[in-house]
Amino acid sequence: AFGRFCQHRRVAKVASARAPFVRVMTSPVAAGQGLPVVTVTKIIDHSHLNADGMLSLSTLLKWMDITACLAAELHCRKMSVTISMDEVSFPAEEYGKVAVGQALLLRGQVNNAFNTSMEVGVLVTSEALGTGATATVCLAFFIFVAIDESGGKARVEPVVPVTFEEQHEFALAAERRKVRIKRRQVEKTMASRLLPSPPVSPVTLRSSAVRSSQFGSTSAARTSRRSWVGARAQETLQSMDTTQLVLPHHANHHGNTFGGQIMAWMAEFASILSSRQAKASLAGGRPAGAVEGD
């Protein structure tokens, strides 16, 4: 069975200035056998590191979005755009151990396809080429929507899971979609129930607006309102504005600024703000022993 599976697989090498070595392996989706899968391999060099010598989070997010887009378009055979990315996690303390010369394997799989949208899971693992040792670096789920030639939403074909693992991911993707829909409904309800804001100074108002626009959630708005209590909280609230010039190398293969590039800018923006607040260098990713709430 493994031999027959290998006969259906095809390997394509893509060379470009931004991707010195990329290998894309696609599963036999044309025959409807299993979930669509794309694997992209990157070799880490010094240009991929940040100021702390760690793999740049902005670079990683960009690669993950490209991998997810390849998997989505492989399935629907149409232009696909990023709608959201959620449940980003660093399961182990391996992110800071990614070193120059190692291979980074990004595996994108279309877990489920709905009317016009698809959930793509991207698993990132590192591989030490000298020893063959591998470690999980990151896991995230992307939502893509297929676009037709007129720019409207296009319907996509359903995926057909075959193995037990694929059926498991297929079912979990459907449940995550229900959670996302419920979360949007709750946020919309909470936003309509928010009380009018108390009078604030122009400086505080500007800081609150920046925070709300940056995170775009009711929880961020509530956090901004709590910061109004006490002059000390107002003094320590960090905010900044940034402007990015969109250049040709920021575009994807459709000529548009893609979600991965925007997420890369957001990651750099968040890193600067958090480092200013902590008065220390805070690299993206998960430092050793760190948990949410520390």
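Keep in mind that this is a model prediction, so the values were computed, not measured.

**Examining the nonpolar core**
Now for step 1: Ranked by size, the top nonpolar core spans 38 residues in total, and within it M64, L104, M118 and V124 carry the most contacts.
Now for step 2: If you tally residues by element for this core, the top one is helix α2 (residues 57-76), at 10 residues.
Now for step 3: Residues contacting V124, with those up to four places away along its chain left out, are L60, M64, L104, L105, L106, A135, T136, V137 and C138.

**Re the pairing of strand β7 (residues 134-147)**
Now for step 1: Across the 14 residues that make up β7, a large majority, 11, are buried.
Now for step 2: Taken together, the 8 bridges between strand β4 (residues 79-89) and β7 define a ladder with antiparallel strand orientation. What sits directly across from S84, in β7, is I143.
Now for step 3: Here strand β6 (residues 117-127) pairs with β7 via 11 bridges, running antiparallel. Paired with S126 across the two strands is A135, which belongs to β7.
Now for step 4: Linkage of β6 to β7, two consecutive antiparallel strands, is achieved through a turn of 6 residues, within which G132 is found at a positive phi near 85°.

**Structural notes on the environment of L74**
Now for step 1: Mapped onto the fold, L74 is located in helix α2.
Now for step 2: Note on L74: relative accessible area 8%, which makes it buried.
Now for step 3: In sequence terms L74 and V110 are 36 residues apart; their C-alpha atoms lie 9.3 Å from each other.

**Let's talk about α2**
Now for step 1: Between its terminal C-alpha atoms α2 stretches 29 Å, which fits the 28 Å expected from 20 residues at 1.5 Å a residue.
Now for step 2: Within α2, 16 of the 20 residues are buried, which leaves the element mostly enclosed by the surrounding structure.
Now for step 3: Positive phi appears at R77, one or two residues downstream of α2, with a value of about 60°.

**Topic: the packing of aromatic side chains**
Now for step 1: For the structure shown, the criterion picks out 1 aromatic pair.
Now for step 2: Ring geometry for F142 against F144: centres 6.4 Å apart, planes inclined by 35°, an arrangement best described as tilted. One exposure class covers both F142 and F144, and it is buried.
Now for step 3: A cation over a ring is seen here: R176 above F141, with NZ or CZ 3.8 Å from the ring centre.
Now for step 4: The ring of F114 carries the charged tip of R177 above its face, separated from the ring centre by 4.5 Å.

**A word on unusual backbone geometry**
Now for step 1: Even without a glycine there, the phi angle at R77 is positive, about 60°.
Now for step 2: Relative to the assigned elements, R77 resides in the loop between α2 and β4.
Now for step 3: Despite not being glycine, E87 has its phi angle at roughly 55°, a positive value.
Now for step 4: Along the chain, E87 falls in strand β4.

**Some points on the confidence of the model for the protein**
Now for step 1: Residues of the protein with pLDDT of at least 70 account for 68%, and the chain-wide mean is 75.
Now for step 2: Per-residue pLDDT stays below 50 along residues 1-32; that stretch engages in 51 contacts with residues further than four places along the chain or on separate chains.
Now for step 3: Overall, residues 203-234 carries pLDDT values under 50, and its contacts beyond four positions in sequence, including any with other chains, amount to 38 contacts.

**Overview of the packing of α2 against helix α7 (residues 259-278)**
Now for step 1: Running from amino to carboxyl end, α2 crosses α7 at an angle of 160°, the nearest separation of the two axes being 8 Å. Overall, the two elements α2 and α7 adopt an arrangement that is roughly antiparallel. Of the two possible hands of crossing, α2 and α7 adopt the one that is right-handed. Residues L57, S58, L61, K62 and D65 of α2 pack against G259, G260, Q261, M263, A264, A267 and E268 of α7.
Now for step 2: Residues that form the contact of α2 with α7 fall into these classes: 5 nonpolar, 4 polar and 3 charged.

Cut-offs and rules
- All residue numbers refer to position in the chain's written sequence, counted from 1.
- In keeping with the predicted nature of the model, local features appear solely for residues at pLDDT of at least 70, side-chain atom pairs appear and are counted solely at 80 or more, and the whole-chain, interface and lining totals rest on all residues.
- Hydrogens and waters are ignored; side-chain quantities use all the structure's heavy atoms.
- To form a nonpolar core, buried Ala, Val, Leu, Ile, Met, Phe, Trp, Tyr and Cys residues must be joined to one another through side-chain atoms within 4.5 Å.
- Relative accessible area decides the class of each residue, using a 1.4 Å probe on protein chains only: under 20% of the type maximum gives buried, over 50% gives exposed, and in between gives partly exposed.
- The numbering of helices and of strands both runs from the N terminus, where a helix is a DSSP run of H or I of at least 4 residues and a strand a run of E of at least 2.
- The criterion used for residue contact is that any of the two residues' heavy atoms lie within 4.5 Å.
- If DSSP finds at least two bridges between two strands, the strands pair.
- To estimate the expected span of a helix, count its residues, drop one, and scale the result by 1.5 Å.
- In this scheme Phe, Tyr and Trp rings, the latter by its six-membered ring, pair at centre separations within 6.5 Å, and the angle between planes marks the pair as stacked below 30 degrees, edge-to-face above 60, and tilted otherwise.
- For a ring to carry a charge above it, either NZ of a lysine or CZ of an arginine must fall within 6 Å of the ring centroid while also lying within 35 degrees of the normal to the ring plane.
- Confidence scores per residue from the predictor, reported as pLDDT, run from 0 to 100.
- Helix axes use the C-alpha atoms of the stretch in contact, all axes being lines fitted to C-alpha atoms, and the angles between their N-to-C directions lie in the range 0 to 180 degrees.
- Between 65 and 115 degrees an angle is taken as roughly perpendicular, under 35 as roughly parallel, over 145 as roughly antiparallel, and anywhere else as oblique.
- In this scheme the handedness of a crossing depends on how the near helix is turned from the far one: anticlockwise by less than a right angle means left-handed, clockwise means right-handed.
- In the scheme used here, Gly and all other residues not listed as nonpolar or charged are polar, with Ala, Val, Leu, Ile, Met, Phe, Trp, Tyr, Cys and Pro taken as nonpolar and Asp, Glu, Lys and Arg as charged.

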